Amino acid sequence: MIHVAAFVASALLQAPPMPAVAIEDLGFLTGSWRGESHGSLIEETWLPPEEGNLTGVFRMTGDGAVQLVEIMTLTEVDDGIVYRLRHFDTALVPWKSEADGPIQAKAVLVDKDSVRFEFEEGDDLEAITYDRDGDKMTAKVIFPEDSGREAFVLVFDRVGAE
């Protein structure tokens with residue numbers, strides 16, 4: 001049994017490390033995106049990767065008013081990419097649940113046009129995924145199983161796409 005454990009440990013130590021996600025890997029998010037969700041206009045814009053960072057903004061409008069503003073950052077750290085998200089009202093007052101700071105997750109690259117942001121166990125969110133297919137982007141917000149909340153999907157079209 002000891003030989004098997006030593007063999008497994010040796011194999012793990014010799015396995016090439018998983019490559020860290022680089023900010024350029026998430027450049028597929030870049031651009032302005034627009035869609036509709038439950039009668040509201042949804043818009044999301046991501047600036048191009050620069051100096052280890054991608055910055056995005058989300059706005060939801062409907063019923064004659066801005067309903068929600070979000071600011072998002074993706075920042076390179078030693079072991080990958082950290083996704084940070086903060087919700088605001090139109091006066092840029094953060095939600096009470098985020099008064100101590102943004103929520104954050106770790107980026108896991110699924111493929112060249114897909115990423116999954118995984119939150120810590122015990123957070124209000126399980127994950128947010130983004131999948132790009134040409135001039136369409138789909139975001140899925142996933143809640144923990146025990147929350148009783150259903151995942152929801154936002155579908156965006158690239159602004160200015162022909």
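Calculation notes
- Residues numbered from 1 in each chain as written.
- Predicted model: local features only at pLDDT ≥ 70, side-chain atom pairs only at ≥ 80, totals over all residues.
- Heavy atoms only, no water.
- Helix = DSSP H or I, 4+ residues; strand = E, 2+ residues; numbered from the N terminus.
- Buried < 20%, exposed > 50% of the residue type's maximum accessible area, 1.4 Å probe, protein only.
- 1 Å grid on protein atoms, 1.4 Å probe; cavity = no way out; pocket = protein on both sides within 12 Å on 5 of 7 lines; lining within 4 Å.
- Points joined across faces, edges and corners; volume = space filled by probe spheres on them.
- Nonpolar A, V, L, I, M, F, W, Y, C, P; charged D, E, K, R; others polar.
- pLDDT = per-residue confidence, 0-100.
- Pairing = 2+ DSSP bridges.
- Patch = residues over 30% accessible without salt bridge, like charges linked within 9 Å, V, L, I, M, F, W, Y side chains within 5 Å.
- Areas by Shrake-Rupley, 256 points an atom, 1.4 Å probe, with all protein chains shown as cover.
- Salt bridge = Lys/Arg side-chain N within 4 Å of Asp/Glu carboxyl O.
- Lys, Arg positive; Asp, Glu negative; His and termini not counted.
- Charge placed at Lys NZ, Arg CZ, Asp CG, Glu CD.
- Core = buried A, V, L, I, M, F, W, Y, C linked by side-chain atoms within 4.5 Å.
- Contact = heavy atoms within 4.5 Å.

Some details on the overall build of the chain
Here is step 1 of the chain: Broken down by element type, the chain carries 1 helix and 10 strands.
Here is step 2 of the chain: Going from the N terminus to the C terminus, the chain shows its helices and strands as α-β-β-β-β-β-β-β-β-β-β.
Here is step 3 of the chain: For the chain, with 162 residues in total, the buried portion stands at 34%.

Quick word on the layout of surface pockets
Here is step 1 of the chain: In this structure, the largest pocket spans a volume of roughly 580 Å³.
Here is step 2 of the chain: Around the largest pocket, the lining comprises 29 residues; the ones closest to its centre are Glu70, Leu85, His87, Leu125 and Val141.
Here is step 3 of the chain: The residue makeup of the lining of the largest pocket, split by class, is 18 nonpolar, 5 polar and 6 charged.

Observations regarding the confidence of the model for the chain
Here is step 1 of the chain: The predicted model of the chain has a mean per-residue pLDDT of 89, with 86% of residues at 70 or higher.
Here is step 2 of the chain: Per-element confidence in the chain is highest for strand 2 (residues 40–46), whose mean pLDDT is 98, and lowest for helix 1 (residues 2–14), whose mean pLDDT is 51.

Quick look at the pairing of strand 3 (residues 53–62)
Here is step 1 of the chain: With 6 bridges connecting them, strand 2 and strand 3 associate as antiparallel partners. Residue isoleucine 42 lies in a different strand from strand 3, and its bridge partner there is methionine 60.
Here is step 2 of the chain: In textbook terms, the turn of a hairpin is the stretch between consecutive antiparallel strands, and for strand 2 and strand 3 this stretch comprises 6 residues, one of which, glutamate 51, has a positive phi near 50°.

Observations regarding a negative patch on the surface
Here is step 1 of the chain: On the surface, Glu120, Glu121, Asp123, Asp124, Glu145 and Asp146 cluster together into a negatively charged patch.
Here is step 2 of the chain: Relative to the assigned elements, aspartate 123 resides in the loop between strand 7 (114–119) and strand 8 (127–133).
Here is step 3 of the chain: The class of aspartate 123 is partly exposed, set by a relative accessible area of 31%.

Some points on the pattern of salt bridges
Here is step 1 of the chain: Scanning all chains against the criterion turns up 7 salt bridges.
Here is step 2 of the chain: In this structure, arginine 34 engages glutamate 43 in a salt bridge whose closest nitrogen and oxygen atoms are separated by 2.6 Å.
Here is step 3 of the chain: Here aspartate 157 ties to lysine 136 by a salt bridge, and the two come within 2.4 Å at their closest N and O atoms. With aspartate 157 in strand 10 (residues 152–158) and lysine 136 in strand 9 (residues 136–142), this residue pair connects regions lying 21 residues apart in the sequence.

A word on the nonpolar core
Here is step 1 of the chain: Within the largest apolar cluster, 31 residues are counted, with the highest numbers of intra-cluster contacts made by Leu26, Leu74, Tyr83, Phe117, Ile128 and Tyr130.
Here is step 2 of the chain: Every residue in contact with leucine 26, bar those within four places of it in the chain, is listed here: Val21, Leu54, Leu74, Ile81, Ala107, Leu109 and Val115.

Some remarks on unusual backbone geometry
Most peptide bonds adopt trans geometry, and most residues besides glycine take a negative phi value.
Here is step 1 of the chain: Positive phi is not limited to glycine here, since glutamate 51 has a value of about 50°.
Here is step 2 of the chain: In this structure, glutamate 51 sits in the loop between strand 2 and strand 3.
Here is step 3 of the chain: Although it is not a glycine, leucine 92 sits at a positive phi angle of roughly 60°.
Here is step 4 of the chain: Relative to the helices and strands, leucine 92 is located in the loop between strand 5 (80–88) and strand 6 (103–111).
Here is step 5 of the chain: On the accessibility criterion, leucine 92 (51% relative accessible area) is exposed.

Looking at the side chain of threonine 129
Here is step 1 of the chain: Residue placement: threonine 129 occurs in strand 8.
Here is step 2 of the chain: Apart from the residues lying within four places of it in its own chain, the contact partners of threonine 129 are Val115, Arg116, Thr138, Ala139, Lys140 and Ile142.

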